[in-house]
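An overview of the molecular structure
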Amino acid sequence: MAKGKHIVSGAKHAGHAMNSRGVAFAGAHAAAHASGAALVSKPSISIPRNLSIVFKMIAVAIATVAIAIGVSLGFASAGNNGIVQDQTADQAQPQTASGTADVAVNEQTTVLLSGAHRDMSASVAEVQAQEEAIRIAAEEKARAEEQAALDKVNQAKSRSAANGGIGVYDVDFSVGKNAFVAEWTARIDKYLAGSPLAGYGSSFAEAAWKYGVDPRWSPAISNTESTKGANCFAWHNAWGWTGGSWPSWEAAIDFHVKGLSNIYGYTISYANAQKYCPPNYDNWYRDTLNEMRKI
């Protein structure tokens, strides 16, 4: 507050000085008129002096206001510092308690994560065990299917033998379904290339495995009966089979191979030719056997 009083006092002194200067200026102005001299009062000289005084007064007022604001801010800052210190002191103890609580929470989290890890490990083990069981079951199923196919082949061979059947050469079913189908699909597709039955080698191979029949027999009959499906008397009937028709080559192939297995057995024979084509069985047997040798 001492500074404020000093500034006010200075402002008063400045006011007195301004009044003195004003009196002196007025006296000089009167003296000039008394002597009859022409008064030359140029605005460029008198106005700047007046403005200088005004600017000084404005500067003093601004300085006074700035000092007052600074003092007020100083008091406010001091008060805030005291509040912050008090709050810091008050929060010190809760923070210590909070730190203890955090430690407890971390310990509980560690326990929970450990338990979750054990549960996850157990779940992984269960999934692996289930997958292994599924794999084993699939392998056993595949072996059972292969054995069933071999049993059908042996039964079909027995029926063929009873009818005087002979094999062009024996077909190996022991290689397993995938290898069997892959081999005979390629061989039959090559034989049927360019015909209406082209591309159906896999259907013939799948059916041959399924019903235990020589995979060459049905394709060869299709050539004897209809030139590989080019001259069918019924829809999708390339074998002159039962006089029926089928909606697709896949359905027709499956039905024909199944019929061969059930009625004639594993492969061609002279006796089977007599049953399949009684009017011309001799030529039928010879032509069909020759076609089988091409596959």
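Quick look at the structure, then. Computed from a predicted model, the values in this text were never measured in an experiment.

Tracing the chain through its elements places Ser195 in the loop between α3 (177–192) and α4 (201–211). Placed 34 residues apart in sequence, Ser195 and Gly229 show a C-alpha to C-alpha distance of 7.0 Å.

Time to look at α3. Taking 1.5 Å per residue as the helical rise, α3 with its 16 residues ought to reach 22 Å, and the 22 Å between its terminal C-alpha atoms agrees with that figure. Among the residues making up α3, those that are buried are Phe180, Val181, Trp184, Thr185, Ile188, Tyr191 and Leu192. The arc that holds every buried residue of α3, seen down its axis, measures 130°, which confines them to one face. Residues Asn178 and Lys190 are exposed on α3 and point more than 90 degrees away from its buried face. Each element contacted by the buried residues of α3 is listed here: α4, α5 (217–226) and α8 (281–294). One or two residues past the end of α3 sits Gly194, with phi positive at roughly 85°.

What follows is about the packing of aromatic side chains. Applying the stated rule across the entire model yields 13 aromatic pairs. Consider the rings of Phe173 and Trp209, whose centres lie 5.9 Å apart with planes at 20°: the pair is stacked. In this pair, Phe173 is assigned in the loop between α2 (43–162) and α3 and Trp209 in helix α4, connecting sequence segments 36 residues apart. With a relative accessible area of 6%, Trp209 lands in the buried category. Put simply, the rings of Trp217, Trp241, Tyr264, Tyr276 and Trp284 pair up and form one aromatic cluster. Above the face of the Trp184 ring, Arg187 is positioned so that its terminal group lies 4.0 Å from the ring centre. The cationic tip of Lys228 hangs over the ring face of Tyr191; the distance from NZ or CZ to the ring centre is 4.0 Å.

For the pair α3 and α5, the least separation of the axes is 11 Å and the interaxial angle reads 10°. Our classification of the angle between α3 and α5 gives roughly parallel. Where α3 abuts α5, its residues Ile188, Tyr191 and Leu192 lie against Pro219, Ala220, Ser222 and Asn223. The residue inventory of the contact of α3 with α5, partitioned by class, reads five nonpolar, two polar and no charged.

On to the side chain of Ser218. Here Ser218 lies in helix α5. Looking at Ser218, the relative accessible area reads 2%, which means it is buried. Aside from chain neighbours lying at most four places away, what touches Ser218 is Phe204, Trp239, His256, Val257 and Leu260.

Overall, the coordinates contain eight salt bridges when judged by the stated rule. We note a salt bridge from Glu183 to Arg187, for which the minimum N-O separation is 2.9 Å. Of this pair, Glu183 and Arg187 both sit in helix α3, four residues apart, roughly one helical turn. With relative accessibility at 27%, the residue Arg187 sits in the partly exposed group. Among the charged side chains, a network of salt bridges with common partners joins Glu132, Arg135 and Glu139.

The subject of this paragraph is the packing of α3 against α4. Following both chains from N to C, one finds α3 and α4 inclined at 135°, their axes separated by 7 Å at the closest point. As the angle between them shows, α3 and α4 are arranged oblique. Here α3 runs over α4; the crossing is right-handed. Between α3, through Lys177, Phe180, Val181, Trp184, Thr185, Ile188, Asp189 and Leu192, and α4, the contact on the second element is made entirely by Gly201, Ser202, Phe204, Ala205, Glu206, Ala208 and Trp209. Taken together, the residues of the contact of α3 with α4 break down into nine nonpolar, three polar and three charged.

Conventions adopted
Residues numbered from 1 in each chain as written. Predicted model: local features only at pLDDT ≥ 70, side-chain atom pairs only at ≥ 80, totals over all residues. Heavy atoms only, no water. Helix = DSSP H or I, 4+ residues; strand = E, 2+ residues; numbered from the N terminus. Expected span 1.5 Å × (residues − 1). Buried < 20%, exposed > 50% of the residue type's maximum accessible area, 1.4 Å probe, protein only. Arc of directions from axis to C-beta. Contact = heavy atoms within 4.5 Å. Phe/Tyr/Trp six-rings, centres within 6.5 Å; stacked < 30°, edge-to-face > 60°. Lys NZ or Arg CZ within 6 Å of the ring centre and 35° of its normal. Axes fitted to C-alpha atoms, helices over the stretch in contact; angles between N-to-C directions. Parallel < 35°, antiparallel > 145°, perpendicular 65-115°, else oblique. Nonpolar A, V, L, I, M, F, W, Y, C, P; charged D, E, K, R; others polar. Salt bridge = Lys/Arg side-chain N within 4 Å of Asp/Glu carboxyl O. Left-handed = near helix turned anticlockwise from the far one by under 90°.

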